[in-house]
There are 2 protein chains.
Amino acid sequence: MEKPYVVGIDIGATTAKIGIVDARGNVLDQTAIRSNDTAKSEEFVSNLCDAVKRLVEKSYSLSDVRGIGIGAPNANYYNGTIENAVNLTWGGQQVIPFAQMMTDCIGLPVRLTNDANAAAVGEMTYGAARGMKNFITITLGTGVGSGIVVNGGVLYGHDGFAGELGHVTMVRHNGRLCGCGKTGCLEAYASATGVARTAREKLETTVTPSLLRNIPLEDITSKDVFEAAVQGDELAKEIFEFTGKMLGEAFADFVVFSSPEAIILFGGLTKAGDLLMKPVVQSMNQNLMPMWRNKIKVLFSQLKESDAAILGASGLAWEL
Amino acid sequence: MEKPYVVGIDIGATTAKIGIVDARGNVLDQTAIRSNDTAKSEEFVSNLCDAVKRLVEKSYSLSDVRGIGIGAPNANYYNGTIENAVNLTWGGQQVIPFAQMMTDCIGLPVRLTNDANAAAVGEMTYGAARGMKNFITITLGTGVGSGIVVNGGVLYGHDGFAGELGHVTMVRHNGRLCGCGKTGCLEAYASATGVARTAREKLETTVTPSLLRNIPLEDITSKDVFEAAVQGDELAKEIFEFTGKMLGEAFADFVVFSSPEAIILFGGLTKAGDLLMKPVVQSMNQNLMPMWRNKIKVLFSQLKESDAAILGASGLAWEL
């Protein structure tokens, strides 16, 4: 009989979430451990292994698990490595053969990819992209991540790092400094932090009245902007329009590249709903070549956000 | 025994070139017919079939031919159709099942793609991309075409029309009008006609002395700009630097998408050699994320230009 379960692991800078998942995308059980309490990758792998074993063996058996899929920063799918992951206490300035270390420890096959690609796999396996072979997921969180699927597979490129669409250059002159070291990147505008930056810029350079003026400038978050916009605040609505317009312009360029059936939006900023979706779709269509106008779907993720990272990672393991 | 030959056909607006090709990329014999002397696709297909038969049967036999690869404007690889090809006298406002019509006529399997994708296949089969699985070809001719190869196959996307990189938006405000109807497209700047437009703009908006001032403004071509640059003309050199800079900026965005091993330049404008290559490489590296800097090859095509279109199309037929 086919093994009925997979394990999905989402490794973040402070926490690693672990879930056991069935083929319909139900997270049957989950747990989490700290990911920042050691400087040694060997120690973290050992802790992670123990946690996976405890989770699985509580109600199931390791022999029922097909494999383990892991989403992690700076993960290389081809090599199963985590490379120079400066945001992980045990990851900086080295190439860690993470997949192999996990397999050695737990005796199951392991696939590794970055969290944005994992989101694409999750969407294809359980979510809004079921049945699609060509689509792009855009994760709008602290940064802007992307996973590109072509012909039913994630696009990894020559070195395993394809799909960094948060770092296309949207503003070529006097663009905002991005965390990657470049200026003018999409991520510097269309992420949650980008929205907060836009708010601060608008508050500093205009005198438009706004609910946001009640909040200390440095404390403003994208959530504040959303809440103000929901209350009808014009400046807050303008901020989402600006953000959506830039995203739509970027999406039009993505379409000429891979001609996807759909672009799927995921992450915290999508809570803004129509405030974001409307300007995105309008701007994308305005910037598309005529043959693609009104033909590319823009959809919200169908994965429950609390489970999404685990589901995405777990999707990888069905390929094993 | 494997059939040793393929036929490559390049359909342009005025001429269709036909060649018989061996596995090493030798064009053993070739011919051409007019492509604009009829308004009926049936008549053109019939003429083309006759020409292929005559060419092959002069020295070989149709039974030695594995198949036919065709590069044509507005060709859809998935369906084998030519769709709304307004530049072809027999192509506008209709979907022509061209591959099937050819097969019915000649009894050989037929694959169809657009000329820019055919160039990518040619480069992978016989040229600078042999052995590569992830690369992009950029054709710098009257327009800017592109063929994107991922995992060893051309990227066609959901509808068969992926890879229109000439139409990414490079100038978002007051950009030049492009033939596609949009403004600010790469093609409006980095094509041969784009170079001529840049020359006219610079001549009109500056008083810099230049050899180009000896030519009537409307007659200036990219060839004139090249010849002036070779003679050390500063304005002409500036034009290539501007063109190369914009191409490099675009290439940096292409890299974040598909992380190619190489970007391969093809087409008339590549005759400019280092005048173009140096600013392209410099600008691309300046705009790349640190992890890709100085790692992406930019190469000139290795296909002989006179044979390239036939070779590219013929490469498709080896898949048959």
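Thresholds applied
Residues numbered from 1 in each chain as written. Chains lettered and ligands numbered in written order. Predicted model: local features only at pLDDT ≥ 70, side-chain atom pairs only at ≥ 80, totals over all residues. Helix = DSSP H or I, 4+ residues; strand = E, 2+ residues; numbered from the N terminus. Rg over C-alpha atoms; globule rule 2.2 N^0.38 Å. Buried ≥ 20, exposed ≤ 12 C-beta atoms within 10 Å, placed from the backbone. Contact = placed C-beta atoms within 7 Å. Least-squares fit on C-alpha atoms with pLDDT ≥ 70 in both. Nonpolar A, V, L, I, M, F, W, Y, C, P; charged D, E, K, R; others polar. Domains from an automatic or database assignment. Pairing = 2+ DSSP bridges. Axes fitted to C-alpha atoms, helices over the stretch in contact; angles between N-to-C directions. Core = buried A, V, L, I, M, F, W, Y, C linked by C-beta atoms within 7 Å.

This next bit is on the overall build of chain A. Check the secondary structure of chain A and you find 9 helices and 13 strands. A compact globule built from 320 residues would reach a C-alpha radius of gyration of about 20 Å, and chain A, at 20 Å, matches this within 12%. Its C-alpha atoms give chain A principal-axis dimensions of about 60 × 45 × 35 Å. Buried residues in chain A amount to 52% of all 320 residues. Sequence separation of 24 or more characterises 62% of the internal contacts of chain A that already satisfy a separation of 6 or more.

Here we take up the relation of the copies chain B and chain A. When chain B is brought onto chain A, the operation consists of a screw motion whose angular component is 180° and whose axial shift is 0.0 Å, with 0.0 Å RMSD remaining. Interpreted geometrically, this transformation is the action of a two-fold axis. In terms of C-alpha distance to the rotation axis, chain B has Phe-257 of chain B as its closest residue, with the C-alpha 4.0 Å off the axis.

Our focus in this paragraph is unusual backbone geometry. Phi is positive for Asn-151 of chain A, close to 50°, though the residue is something other than glycine. Residue position: Asn-151 of chain A is located in the loop between strand E10 (144-150) and strand E11 (153-154).

Attention now moves to the interface of chain B and chain A. Across the contact, 30 residues belong to chain B and 30 residues belong to chain A. Looking at which element gives the most residues to the side of chain B that touches chain A, the answer is helix H7 (residues 234-258) of chain B, with 6 residues. Of the residues that constitute the side of chain B that touches chain A, the class distribution is 14 nonpolar, 9 polar and 7 charged.

Further remarks concern the environment of Ser-314 of chain A. Residue and element names in this part refer to chain A. Along the chain, the position of Ser-314 falls in helix H9 (residues 305-317). A tally of 34 C-beta atoms within 10 Å means that Ser-314 is categorised as buried. C-alpha separation for the pair Ser-314 and Ile-9, spaced 305 residues apart in sequence, amounts to 6.9 Å.

What follows is about the domain arrangement of chain A. Residues and elements named next belong to chain A. Its domain assignment divides chain A into domain 1 (5-123 + 306-317) and domain 2 (131-301). Counting residues at the interface gives 13 residues for domain 1 and 13 residues for domain 2. When residues in the side of domain 1 that touches domain 2 are grouped by element, the largest group, 7 residues, is from helix H3 (residues 115-126). When the residues that make up the side of domain 1 that touches domain 2 are grouped by side-chain class, the tally is 7 nonpolar, 4 polar and 2 charged.

Further remarks concern the sheet that holds strand E2 (residues 15-22) of chain B. All names here are of chain B. Strand order in the open sheet formed by 5 strands is E3-E2-E1-E4-E8, and the pairing between neighbours is mixed. Since the sheet does not close on itself, it has two edges, and those belong to strand E3 (27-34) and strand E8 (110-113), each with one partner. Looking at each pair of strands side by side, their axes are set apart by 15° on average, direction ignored. Of the pairings in the sheet, the one linking strand E4 (residues 65-71) to E8 comprises 4 bridges and is parallel in character. Residue Ile-70 lies in a different strand from E8, and its bridge partner there is Leu-112. Sitting on the sheet, helix H1 (residues 41-59) is in contact with strand E1 (5-11), E2, E3 and E4, with an inclination near 155° to E3. Sitting on the sheet, helix H2 (residues 98-106) is in contact with E4 and E8, with an inclination near 155° to E8.

All names here are of chain B. Summarising the element assignment, Val-21 is placed in strand E2. The sequence separation of Val-21 and Leu-211 amounts to 190 residues, and the corresponding C-alpha distance is 43 Å. Aside from chain neighbours lying at most four places away, what touches Val-21 is Tyr-5, Val-6, Gly-8, Asn-26, Val-27, Leu-28, Ile-310, Leu-311 and Ser-314.

Before going further, it helps to spend a moment on the nonpolar core. Across soluble globular proteins, nonpolar side chains have a tendency to be buried as a group. Core analysis: the biggest nonpolar cluster contains 214 residues, and Val-7 and Leu-186 of chain A together with Val-7 and Val-225 of chain B have the highest contact counts within it. Apart from the residues within four sequence positions on either side, Leu-186 of chain A is in contact with Val-144, Leu-165, Gly-166, His-167, Val-168, Met-170, Met-246 and Ala-250 of chain A.

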